[in-house]
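Residue-level structure breakdown
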Amino acid sequence: MLLREIAHARTGDKGNIVTISLITYRDEDFELLSTRVTAKAVQEHFGELLDGPVLRYDIPHLSALNFVLRRPETQGVTRSLALDAHGKCLGSALLSLEI
């Protein structure tokens, strides 16, 4: 199953730091989300796009996970000429993770 089947994403970015929050549609899916979507899984999903480890924060009362990712300094939203440098593109890409 794809992650997008049980959760949606909200993102934010500032410079080379991106935050991605995953929120389940149903509270009962939070355990599956927290078990399968680890910081390591997110790190592997984005691979070389990232610079440094992924941090994960659990927010169980919202049935959500929050991830903090770092991109290389040259790939930050305010420094890149790439059209898709914004965190919302990474949030959408994360929802294609097979869980």
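In short, a report on the structure. For clarity, every value in this text was computed on a predicted model and none was experimentally measured. (Residues numbered from 1 in each chain as written. Predicted model: local features only at pLDDT ≥ 70, side-chain atom pairs only at ≥ 80, totals over all residues. Heavy atoms only, no water.)

Along any regular strand, the residues point their side chains to alternate faces of the sheet. Judged from the 8 bridges that link them, strand E1 (residues 7–14) and strand E2 (residues 17–24) form a sheet pairing that is antiparallel. Opposite Ala9, over in E2, you have Leu22 as the bridge partner. The turn joining E1 and E2, which pair antiparallel and follow one another in sequence, is formed by 2 residues; a positive phi near 65° is taken by Gly15. (Pairing = 2+ DSSP bridges. Helix = DSSP H or I, 4+ residues; strand = E, 2+ residues; numbered from the N terminus.)

Turning to helix H2 (residues 39–46), its buried residues are Ala41, Val42 and Phe46. Buried positions in H2, seen along its axis, are confined to an arc of 120° and lie on one side of it. Of the residues in H2, the exposed ones pointing more than 90 degrees away from the buried face are Lys40 and Glu44. Just beyond H2, the residue with positive phi is Gly47, at close to 50°. (Buried < 20%, exposed > 50% of the residue type's maximum accessible area, 1.4 Å probe, protein only. Arc of directions from axis to C-beta.)

Attention now moves to the environment of Ala7. Position of Ala7 among the secondary structure elements: in strand E1. Given the relative accessible area of 0%, Ala7 is considered buried. Considering only alpha carbons, one finds Ala7 and Leu95, 88 residues apart in sequence, at a separation of 7.7 Å. What Ala7 contacts, discounting residues up to four positions off in sequence, is Ile23, Thr24, Tyr25, Leu33 and Leu95. (Contact = heavy atoms within 4.5 Å.)

Mapped onto the secondary structure, Asn66 falls in strand E4 (residues 64–70). Polar contacts involving the side chain of Asn66 include one to the side chain of Ser21, which spans 2.7 Å. Excluding anything up to four places from it in sequence, Asn66 contacts Thr19, Ile20, Ser21, Leu55, Arg56, Tyr57 and Ile59. (Polar contact = N/O pair within 3.5 Å; in protein donor to acceptor, adjacent residues only side chain to side chain.)

This part covers the pattern of salt bridges. The tally for this structure, following the rule as stated, stands at 4 salt bridges. Taking the shortest distance from any N to any O, the salt bridge between Glu28 and Arg26 comes out at 3.4 Å. Of the residues examined, Glu28 reaches a relative accessible area of 55% and is grouped as exposed. Lys40 is paired through a salt bridge with Glu44; the nearest N and O atoms lie 4.0 Å apart. With Lys40 and Glu44 both in helix H2, this residue pair falls 4 residues apart, about one helical turn. (Salt bridge = Lys/Arg side-chain N within 4 Å of Asp/Glu carboxyl O.)

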